Amino acid sequence: MEVKRVMVIGAGQMGSGIAQVCAQAGYDVIMHDVKEEAAKKGLERINRLLQRNVEKGRMTEEEKTETLQRIALTSDLQEARDADVVIEAVVEDMEVKTKVFQELDNIVPDHGILASNTSSLPITEIAAVTKRPEQVIGMHFMNPVPVMKLVEIIRGLQTSDETYATIREMTNKLNKTPVEVNDFPGFVSNRILMPMINEAIYTVYEGVASPEDVDRVMKLGMNHPMGPLTLADFIGLDTCLSIMEILYEGFGDSKYRPCPLLRKYVKAGWLGKKTGRGFYVYE
């Protein structure tokens, strides 16, 4: 199937990033958000990033204009009736996602593929609420989307080879590197990353070292570009906790038990950079 029109559901940081790379790759993009103001903010974010690329000589002013012209905004889900691929990038909540997929299933044309940008929720379960489970797939982009090359392509239990091939080809056209992953909790990226972050939190909780020194060990000793606790603050501690709970529930293994300190910080509203305080304090 040839993909011409893409709809992105959700205009937040991830959704707007996905819309940007799709438009840059030449696709006609409809960026949807239930709030018109959120969609406009998403477009402003894209405009700022593209302008930065122009200033750094990575693209011309003409290319920036052409990219923006390919993006349309809407708060009406019915606009999905002309989409070849819909990529959902809403909040990481199964109830919210399945509701969106049920609605899309009744709107998107029969040939349309429904993709989720979920970072950890099971694609098989999301697909089960639709009448086209063979056309449901995961496209887990990394943050920030315009910069990071990886896309985890997650095959649900019933995802067809044709659907996978179409999304893999599309991912290549986006100038991203696709990695095929089967549908297990956390996929590959978060199954490895989140337990590492959780263990780093345990070292602070148990008084082994300060957050600064834990991060220093991983940066200087393991050559990580960013320490795990700084990374956790950037991801959002609520998101880290949510993914650890999905891993813990999905595998039933105590090695995935979220650290009590992580739970305490989330209950306190210390969610990281977005709230001004996590393991570090942000101005």
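Note that the coordinates shown come from a computational prediction; the quantities given were computed from them, not determined experimentally.

Let's talk about the nonpolar core
Right, so step 1: If you look at the biggest cluster of nonpolar residues, it comprises 33 residues, and the most contacted ones within it are Cys22, Tyr27, Ile87 and Met170.
Right, so step 2: With 5 residues, the top contributor of residues to this core is helix α1 (residues 13-24).
Right, so step 3: Setting aside its immediate chain neighbours within four residues, tyrosine 27 contacts Val3, Lys4, Val6, Cys22, Arg70, Met170, Lys173 and Leu174.

As for helix α11 (residues 260-267)
Every α-helix carries 3.6 residues per turn, so stepping three or four residues along brings you back to the same face.
Right, so step 1: Turning to α11, its buried residues number three or more, namely Leu261, Leu262 and Tyr265. Angularly, the buried residues of α11 cover 105 degrees about the axis, an arc narrow enough to put them on a single face. Facing away from the buried side of α11 by over 90 degrees, the exposed positions are Lys264 and Lys267.
Right, so step 2: Buried residues belonging to α11 abut α7 (189-205) and α10 (237-251).
Right, so step 3: In the segment just after α11, glycine 269 is the residue with positive phi, at about 85 degrees.

Here's the deal with the UniProt feature "domain: 3-hydroxyacyl-CoA dehydrogenase C-terminal" (unreviewed entry) in the protein
Right, so step 1: With numbering aligned to this structure, UniProt lists the feature "domain: 3-hydroxyacyl-CoA dehydrogenase C-terminal" (unreviewed entry) at residues 186-282.
Right, so step 2: Between the end C-alpha atoms of residues 186-282 the distance is 29 Å, and the span holds 62% helix and 0% strand.

Observations regarding the sheet that holds strand β3 (residues 71-74)
Right, so step 1: If you trace the 8 strands from one edge of the open sheet to the other, you get β3-β2-β1-β4-β5-β6-β7-β8, paired in mixed fashion. A single partner strand is all that each edge strand has here, and the edge strands are β3 and β8 (177-182). Looking at each pair of strands side by side, their axes are set apart by 25 degrees on average, direction ignored.
Right, so step 2: Where strand β2 (residues 28-32) meets β3, 4 bridges bridge the pair, whose relative direction is parallel. Bridge assignment links isoleucine 30 to a residue of β3, and that residue is alanine 72.

Thoughts on the pattern of salt bridges
Right, so step 1: Tallied over the entire structure, the rule returns 10 salt bridges.
Right, so step 2: With its nearest N and O atoms 2.7 Å apart, the salt bridge here joins arginine 132 to aspartate 105. In this pair, arginine 132 sits in the loop between α5 (123-127) and β6 (136-141) while aspartate 105 sits in helix α4 (residues 94-105), placing the two residues 27 residues apart along the sequence.
Right, so step 3: Classification of aspartate 105 by relative accessible area gives buried; the value is 10%.
Right, so step 4: One salt bridge in this structure joins glutamate 180 and arginine 155, with 3.4 Å as the shortest N-O distance. You can see glutamate 180 sitting in strand β8 and its partner arginine 155 sitting in strand β7 (residues 150-155), a full 25 residues away along the chain.

Observations regarding the pairing of β2
Right, so step 1: The element β2 is extensively covered by neighbouring structure, given that 4 of its 5 residues are classed as buried.
Right, so step 2: Relative to β2, strand β1 (residues 5-9) runs parallel, the two being bridged by 5 bridges. Looking at β2, one finds that arginine 5 is bridged to aspartate 28.
Right, so step 3: Between β1 and its parallel partner β2, the chain crosses via α1, and the hand of that crossover is right-handed.

Quick look at the environment of cysteine 240
Right, so step 1: By the secondary structure assignment, cysteine 240 is in helix α10.
Right, so step 2: The exposure class of cysteine 240 is buried, given its relative accessible area of 1%.
Right, so step 3: Note: C-alpha distance between cysteine 240 and leucine 262 (22 residues apart in sequence) is 8.4 Å.
Right, so step 4: Residue contacts for cysteine 240: discarding those within four places in its chain leaves Met194, Ala232, Ile235 and Leu262.

As for the UniProt feature "binding site: NAD(+)" (unreviewed entry) in the protein
Right, so step 1: Within this structure's numbering, the places UniProt gives as "binding site: NAD(+)" (unreviewed entry) are Gly10, Ala11, Gly12, Gln13, Met14, Gly15, Asp33, Glu92, Lys97, Ser119, Asn143 and Lys274. In three dimensions, the annotated residues from a span of 265 residues occupy distinct locations, with a maximal C-alpha spread of 22.8 Å.
Right, so step 2: For glycine 12, a relative accessible area of 33% translates into the label partly exposed.
Right, so step 3: Leave out the neighbours within four places in its chain, and glycine 12 touches Gly17, Asp33 and Arg45.
Right, so step 4: One can find lysine 274 in the segment after α11.
Right, so step 5: With a relative accessible area of 53%, lysine 274 lands in the exposed category.

How each quantity is defined
- Residues numbered from 1 in each chain as written.
- Predicted model: local features only at pLDDT ≥ 70, side-chain atom pairs only at ≥ 80, totals over all residues.
- Heavy atoms only, no water.
- Core = buried A, V, L, I, M, F, W, Y, C linked by side-chain atoms within 4.5 Å.
- Buried < 20%, exposed > 50% of the residue type's maximum accessible area, 1.4 Å probe, protein only.
- Helix = DSSP H or I, 4+ residues; strand = E, 2+ residues; numbered from the N terminus.
- Contact = heavy atoms within 4.5 Å.
- Arc of directions from axis to C-beta.
- UniProt positions renumbered as here; feature names shortened; annotations may be inferred.
- Pairing = 2+ DSSP bridges.
- Axes fitted to C-alpha atoms, helices over the stretch in contact; angles between N-to-C directions.
- Salt bridge = Lys/Arg side-chain N within 4 Å of Asp/Glu carboxyl O.
- Right-handed = clockwise from strand over helix to strand, strands pointing away.

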